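# A closer look at the structure
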Amino acid sequence: MIRSIGIETSCDECSASIVELHLQDDTSRPVVRSLCTYSQIKEHRPFGGVVPEVASRNHLLQVQPVIEQALKDANYSYNDIDVISVTNRPGLIGALLVGVTAAKGLAYALKKPLAAVHHLHGHLVSPFLLDGDRKNNDVTYPAIFLMVSGGHTQIHVIHEPPHLWGASLLKDSLVGHSQDDAAGEAFDKTAKMLGYPYPGGKYLDEAAKGGNINAYKFPRGLPQKDNLNFSFSGLKTAVSLEIKKSFQESNRSDFAASVQNAIVDSLISKTLRAVDLHKAKSIVVVGGVSANSHLRSRFSVESSVPVLFPDLKYSTDQAAMIAAAGAFMHAQGRSTMDYLHLNGHAVAEI
Ligand code: KG4
Ligand code: ZN
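For the structure given in this document, a descriptive report is provided here.

What counts and how
Residues numbered from 1 in each chain as written. Chains lettered and ligands numbered in written order. Predicted model: local features only at pLDDT ≥ 70, side-chain atom pairs only at ≥ 80, totals over all residues. Heavy atoms only, no water. Helix = DSSP H or I, 4+ residues; strand = E, 2+ residues; numbered from the N terminus. Expected span 1.5 Å × (residues − 1). Bend = angle between axes of the 7 residues up to and from the residue. Buried < 20%, exposed > 50% of the residue type's maximum accessible area, 1.4 Å probe, protein only. Contact = heavy atoms within 4.5 Å. Pairing = 2+ DSSP bridges. Axes fitted to C-alpha atoms, helices over the stretch in contact; angles between N-to-C directions. Near = heavy atom within 4 Å. Polar contact = N/O pair within 3.5 Å; in protein donor to acceptor, adjacent residues only side chain to side chain. Areas by Shrake-Rupley, 256 points an atom, 1.4 Å probe, with all protein chains shown as cover. Parallel < 35°, antiparallel > 145°, perpendicular 65-115°, else oblique. Left-handed = near helix turned anticlockwise from the far one by under 90°. Nonpolar A, V, L, I, M, F, W, Y, C, P; charged D, E, K, R; others polar.

Glancing now at helix α2 (residues 52-74). The terminal C-alpha atoms of α2, which comprises 23 residues, lie 31 Å apart, in line with the 33 Å expected from a rise of 1.5 Å per residue. Glutamine 62 marks where α2 bends most, by close to 40°; the proline proline 65 follows one to four residues later. When we look at burial in α2, the residues that qualify are Ala55, Ser56, Asn58, His59, Gln62, Val63, Val66, Ile67, Ala70, Leu71 and Ala74. Here the buried face of α2 lies against β1 (2-8), β2 (13-22), β3 (29-39), α1 (41-44) and α3 (93-110).

What follows is the structure, given as structure tokens:
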């Protein structure tokens, strides 16, 4: 068993988690022993979005308390840890540096190795996290992974379970991506136009309940059949024009439902196309937008292969996915004692 502490500070969640990775030949089980997350949403809300400097300052205050709470909740002492796993890319550079520096300090003091985790690798691991009675997600391969976070919208074709994923998995498996805004940004920007606080995805989701998805016509980006890329910038412009032209308070839920359906339509049609092209046997949806109720219900009806989601608490950013990804890296010999020059990277190759 590998005992990993994860630290995640790439954006506005300051999070630490203890995960135990039980290694087996055919499948490996990452079990979450604790997860402590301080969300900074209320600090950023007055500004209508995440302010990098505010994020860094708050991470400085919160990183040590969340680490200590995660250890306490797991009934762990510092010496029980085998590997320190930290998000070092991509994200807000000042925010990343707080987590990376805390992780380096811990690794140095404890004489333990460090695993530098790509944030998106963490999201890909999130559906495999186990706690309590939750059973392993039954992913059959090849699987299409749809990654829909606040900053990324990507389609990956993955052929094997996470204990076999190599260093170049993100790059090697990528078959589609957004050419402009991410789906999360499309949700947040259109929600903002409708007056919802940041981050607006879940408010748009709520507002759309019971609304008519066909009340307003909005464009779908890059509708060409064989193109697995996305574009959401045209939708943003169309929503802004339509708000000026015809939005009325009495139509709010129809409007929200139509916007949401336009975003979900693109995500589903491209993912199902990827399933056909790559003869996939299952779909896995990860990242914050995977919490969207319309996306979840449409996928379950429209897909001919099983569609799996992370537990809701693991959809959005948290350190359990980073602890698990780092534990898998450690198991493969991809953690390091040579971490003193390790840095954060705002922009990262996948
Ligand atoms: O993965 P995540 O927590 O952070 C990043 O890595 O970016 O994703 C955050 C995104 C935000 O855009 C947020 O509005 C969106 O996930 N989100 C949702 C819902 N819950 C979170 N979007 C649509 N419907 C939701 N229920
Ligand atoms: Zn994320």
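With that settled, the discussion passes to the sheet that holds strand β10 (residues 307-308). The strand order β8-β7-β6-β9-β10 describes an open sheet built from 5 strands, whose pairing is mixed. Looking at strand neighbours, the two that pair on one side only are β8 (174-177) and β10, the edges of this open sheet. Note: strand β6 (residues 143-148) against strand β9 (residues 282-286), 5 bridges, orientation parallel. Residue pairing in the sheet places leucine 146 in a bridge with valine 285 of β9. Across the sheet, helix α9 (residues 252-278) touches β6, β7 (153-158), β8 and β9, and the angle it forms with β6 is around 155°.

Okay, the site of ligand 1 next. In the vicinity of ligand 1 there are 19 residues, among which Gly150, Asp188, Asp205, Gly288 and Asn292 approach most closely. Separating an oxygen atom of ligand 1 from a backbone N or O atom of glycine 151 is a distance of 3.5 Å. Contact between ligand 1 and asparagine 292: a nitrogen atom at 3.0 Å from a side-chain N or O atom of the residue. Protein coverage of the free-state accessible area of ligand 1, which is 560 Å², stands at 86%.

The next thing to look at is the packing of helix α8 (residues 233-246) against α9. Where α8 meets α9, the closest approach of the two axes is 11 Å, and the angle between their N-to-C directions is 165°. Taken together, the axes of α8 and α9 are roughly antiparallel relative to one another. The two elements α8 and α9 cross, and the hand of that crossing is right-handed. Mapping the contact onto sequence places Leu235, Val239, Glu242 and Ile243 in α8 and Phe255, Val259, Ala262 and Ile263 in α9. A per-class count over the contact of α8 with α9 returns 7 nonpolar, no polar and 1 charged.

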